[in-house]
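# Structural description and commentary
Chain by chain, the residues:
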Amino acid sequence: MQTKAAILWEVNKPWAVEDIELDDPKEGEVMVKLAASGLCHSDEHLVTGDLPFELPIIGGHEGAGVVTKVGPGVSWLEEGDHVVFGFIPSCGRCPSCSTGHQNLCDLGAIMAAGLQASDMTSRHHAANGDDLKLMCMLGTFAHDTVVNEASCIKIEKDVPLDRACLLGCGVVTGWGSSVYAAEVQPGDVVAVVGVGGIGANAIQGAKLAGAKQIWAIDPVESKREKAMEFGATHTAASMEEAVEPIGAASWGTMANKVVMTMGVGSGELLASALALTAKRGRVVVTNIHPAMEMSANVSLLDLTLMEKQVVGSIFGSGNPRADIPKLLGLYREGQLDLDGLVTKEYTLDDVNDGYDDMRSGKNIRGVMVYS
C-alpha cells in the first residue's frame, strides 16, 4: 500500500515528508495505522548525527495506533486492537526479559539497524525504490507502519491515542528514572536537570514516590514555571545556581537523587551533578550523550569518599508491558498528567516546525496527530 512518512535522507538536513510504499506484514509482524506520534528529542539526535543510525530512515519512536493487518504467527493481536509501541522491543524470552528487565531485551541489539527483527529486511520503500530504515524499528513519523509484535503493547480502546503515544518513550523513561533507577524514597530531596518530555515525567515520578523537595533545573523560565505544575517544589536556572539553595533547604545534606534529563548530555557536566548530590546519593544518567563521547569530568575522590553512585537508565529501567498499562491507569485516576505534557499539536507535514519549536524551548512535548 502507499502511505506518507517523514524521511531523513542526510544528517543536518530537514525531514522530508514523502509518499512511500509499505509491504504487508510477514511472520510475527503487524501493520498499524498510526493515530499520533510524539516529537521526542531522541529523533533530533538522528538529525545531528549524535545517534549514527544508517540513513535514509523514517523517524519516530513514540507512537500509538490501531492494528489494521496481522501477519502469520501472531496470535494475541487482531485487527482493530489499539496499541502503544515500546521503543525497545520485548521478546519475553531472553535472559533480560525473563528476569524482569524488558528494557534490556536482547532484540535491542539490532534496534539501530532499523530493519525488521524477523528477517533483517525492510517493509518500507521510498518512491525511488530505496529501502528505508526505521527509528527503533518503528518509524512512527508515518501514517502507517509495519512492526514486529515484540514492539506492541495492547491497551484499552477508550484511552485517547494522542496521549497514549507518550507512553512509548518519554513518560515511562522519565517516571521510571525517578521511581526505578533513582529509587526515590518518601522524604527524599530530588533534583531533575532538564525539564522536557522526560524531565517533566521524572518530576511526576518523584512526586508520586513521596519526595519532599523536587528541584527542577532548566535555563528556560517557562519550563521552570511548568515544572511547578507537575510537582516541582523549587526551581533553578542551572546546576551551579542550585548548589547553594539546595544546600540551605536540605540543611547541608544536598540532593539524595539527581536525575539527568537534558536534551543532550555532556560528560563535562557530571562533576556539577555530583556537586548537587548527597553522601551515598545517586546520579541517574538518562539523557542521551553523543555516541563518540568517551570522557567525563568527575572527582573520583568525591565518588569514593562520599560513596556517591552514578547509574545509567534506558526506558526508565522499566518493563513496558507492565508499566505502560500501569501508568495509563494512573492517568485514568488523575494521578499522572499526560494532557499537560502536550504543549502543541502538529500534522505530519509540520514535523520540521515541531522540531524548530523544540529547539527553541517552546515545547515540553509536541505531538503529531494524524487524521
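Not measured: the values here are computed from a predicted model. (Residues numbered from 1 in each chain as written. Predicted model: local features only at pLDDT ≥ 70, side-chain atom pairs only at ≥ 80, totals over all residues. Heavy atoms only, no water.)

### Observations regarding helix α11 (residues 351-359)
- Where α11 is concerned, the buried positions are Val351, Gly354, Tyr355, Asp357 and Met358. The buried residues of α11 occupy an angular sector of 155 degrees when the element is viewed end-on, so they sit on one face.
- On its buried side, α11 packs onto β1 (2-8), β2 (16-22), β3 (29-39), α1 (41-48), β17 (342-346) and β18 (365-369).
- Residue glycine 361 follows α11 closely and has a positive phi angle near 80 degrees. (Buried < 20%, exposed > 50% of the residue type's maximum accessible area, 1.4 Å probe, protein only. Helix = DSSP H or I, 4+ residues; strand = E, 2+ residues; numbered from the N terminus. Arc of directions from axis to C-beta. Contact = heavy atoms within 4.5 Å.)

### Considerations on a nonpolar patch on the surface
- A cluster of nonpolar side chains, namely Leu301, Leu305 and Met306, defines an oily patch on the protein surface of about 300 Å² accessible area.
- For methionine 306, the position within the fold is in the loop between α9 (300-305) and β16 (309-312). (Patch = residues over 30% accessible without salt bridge, like charges linked within 9 Å, V, L, I, M, F, W, Y side chains within 5 Å. Areas by Shrake-Rupley, 256 points an atom, 1.4 Å probe, with all protein chains shown as cover. Salt bridge = Lys/Arg side-chain N within 4 Å of Asp/Glu carboxyl O.)

### Points about the pattern of salt bridges
- Taken as a whole, this structure holds 21 salt bridges when the rule is applied.
- A salt bridge links glutamate 183 to arginine 282, with the shortest nitrogen-to-oxygen separation between them at 3.3 Å. With a gap of 99 residues between them, glutamate 183 in the loop between α4 (170-181) and β11 (189-193) and arginine 282 in strand β15 (residues 277-285) connect regions that are remote in the sequence.
- Salt-bridge contacts for aspartate 323 lead to lysine 326; the nearest nitrogen and oxygen are separated by 3.5 Å.

### Considerations on the pairing of β17
- With four bridges joining them, β17 and β18 adopt parallel strand pairing. Residue glutamate 345 lies in a different strand from β18, and its bridge partner there is valine 367.
- Between the parallel pair β17 and β18, the chain is carried across by α11, and the sense of this crossover is right-handed. (Pairing = 2+ DSSP bridges. Right-handed = clockwise from strand over helix to strand, strands pointing away.)

### What to know about α4
- Of all twelve residues in α4, ten are buried; the element is thus mostly enclosed.
- Buried residues belonging to α4 abut α5 (197-209), β14 (255-260), β15, β16, α10 (320-332) and β18.
- Of the residues flanking the end of α4, it is glutamate 183, one or two places downstream, whose phi is positive at about 55 degrees.

### A look at the nonpolar core
- By size, the foremost hydrophobic cluster in this structure holds 80 residues, and its most contacted members are Trp15, Phe141, Leu167 and Ile203.
- Among the nonpolar cores identified, the runner-up in size contains 20 residues, and Val189, Ala191, Trp215 and Leu274 belong to it. (Core = buried A, V, L, I, M, F, W, Y, C linked by side-chain atoms within 4.5 Å.)

### Some remarks on the side chain of histidine 124
- Here histidine 124 shows up in strand β7 (residues 124-126).
- Overall, the relative accessible area of 1% leaves histidine 124 in the buried class.
- A polar contact is formed between the side chain of histidine 124 and the side chain of threonine 145, at a distance of 2.9 Å.
- When residues no more than four places from it in sequence are discounted, the contact partners of histidine 124 are Ile20, Glu21, Leu22, Ile58, Gln116, Asp130, Asp131, Leu132, Leu134, Thr145 and Val146. (Polar contact = N/O pair within 3.5 Å; in protein donor to acceptor, adjacent residues only side chain to side chain.)

### Remarks on the environment of aspartate 24
- Positionally, aspartate 24 belongs in the loop between β2 and β3.
- Along the primary structure aspartate 24 and glycine 71 are separated by 47 residues, whereas in three dimensions their C-alpha atoms are 7.7 Å apart.
- Those residues within four positions of aspartate 24 in sequence are excluded, and the remaining contacts are Met31, Lys69 and Arg123.

### So, the sheet that holds strand β13 (residues 234-236)
- The six strands lie next to each other as β13-β12-β11-β14-β15-β16, forming an open sheet whose pairing is parallel. The open sheet has two edge strands with one neighbour each: β13 and β16. Each adjacent strand pair in this sheet contributes to an overall mean axis angle of 20 degrees, direction not counted.
- Taken strand by strand, helix α7 (residues 239-249) contacts β11, β12 (213-217), β13 and β14, and its axis lies near 165 degrees from that of β12. (Axes fitted to C-alpha atoms, helices over the stretch in contact; angles between N-to-C directions.)

### A few points about the sheet that holds strand β8 (residues 133-134)
- The five strands are arranged β7-β2-β1-β4-β8 in an open sheet whose pairing can be described as mixed. Strand pairing shows two members of the sheet lacking a second neighbour, β7 and β8, which therefore form its edges.
- Relative to strand β4 (residues 57-58), β1 is paired through two bridges, and the arrangement is antiparallel. Residue pairing for β4: leucine 8 is matched across the bridge by isoleucine 57.

### A word on the side chain of arginine 224
- Its location among the elements puts arginine 224 in helix α6 (residues 221-230).
- Here arginine 224 is buried and forms no salt bridge, its nearest opposite-charge partner glutamate 221 lying at an N-O distance of 4.9 Å.
- If near-sequence neighbours (up to four positions away) are discounted, arginine 224 is found in contact with Asp218, Pro219, Thr235, Ala236 and Ala237. (Lys, Arg positive; Asp, Glu negative; His and termini not counted.)

### Observations regarding unusual backbone geometry
- That bond from leucine 55 to proline 56 is cis: its omega, 0 degrees, falls within 30 degrees of zero.
- Within the secondary structure layout, proline 56 lies in the loop between α1 and β4.
- The phi dihedral of glutamate 183 is positive, around 55 degrees, even though this residue is not glycine.
- In the Ramachandran plot, glutamate 307 falls in the positive-phi region, its phi being about 50 degrees despite a non-glycine side chain.
- Position of glutamate 307 among the secondary structure elements: in the loop between α9 and β16.

### Re the packing of aromatic side chains
- If you walk through the whole model with that rule in mind, you get four aromatic pairs.
- On the basis of an interplanar angle of 55 degrees and a centroid distance of 6.2 Å, the ring pair of phenylalanine 141 and tyrosine 355 is categorised as tilted. Remark: tyrosine 355 occurs in helix α11 and phenylalanine 141 occurs in the loop between β8 and β9 (144-148); sequence separation between them is 214 residues.
- Judged by its relative accessible area of 0%, phenylalanine 141 is buried.
- An aromatic cluster is present here, built from Trp15, Phe141 and Tyr355 joined pairwise through their rings. (Phe/Tyr/Trp six-rings, centres within 6.5 Å; stacked < 30°, edge-to-face > 60°.)

Everything listed here is a matter of geometry and, on its own, says nothing about what the molecule does.
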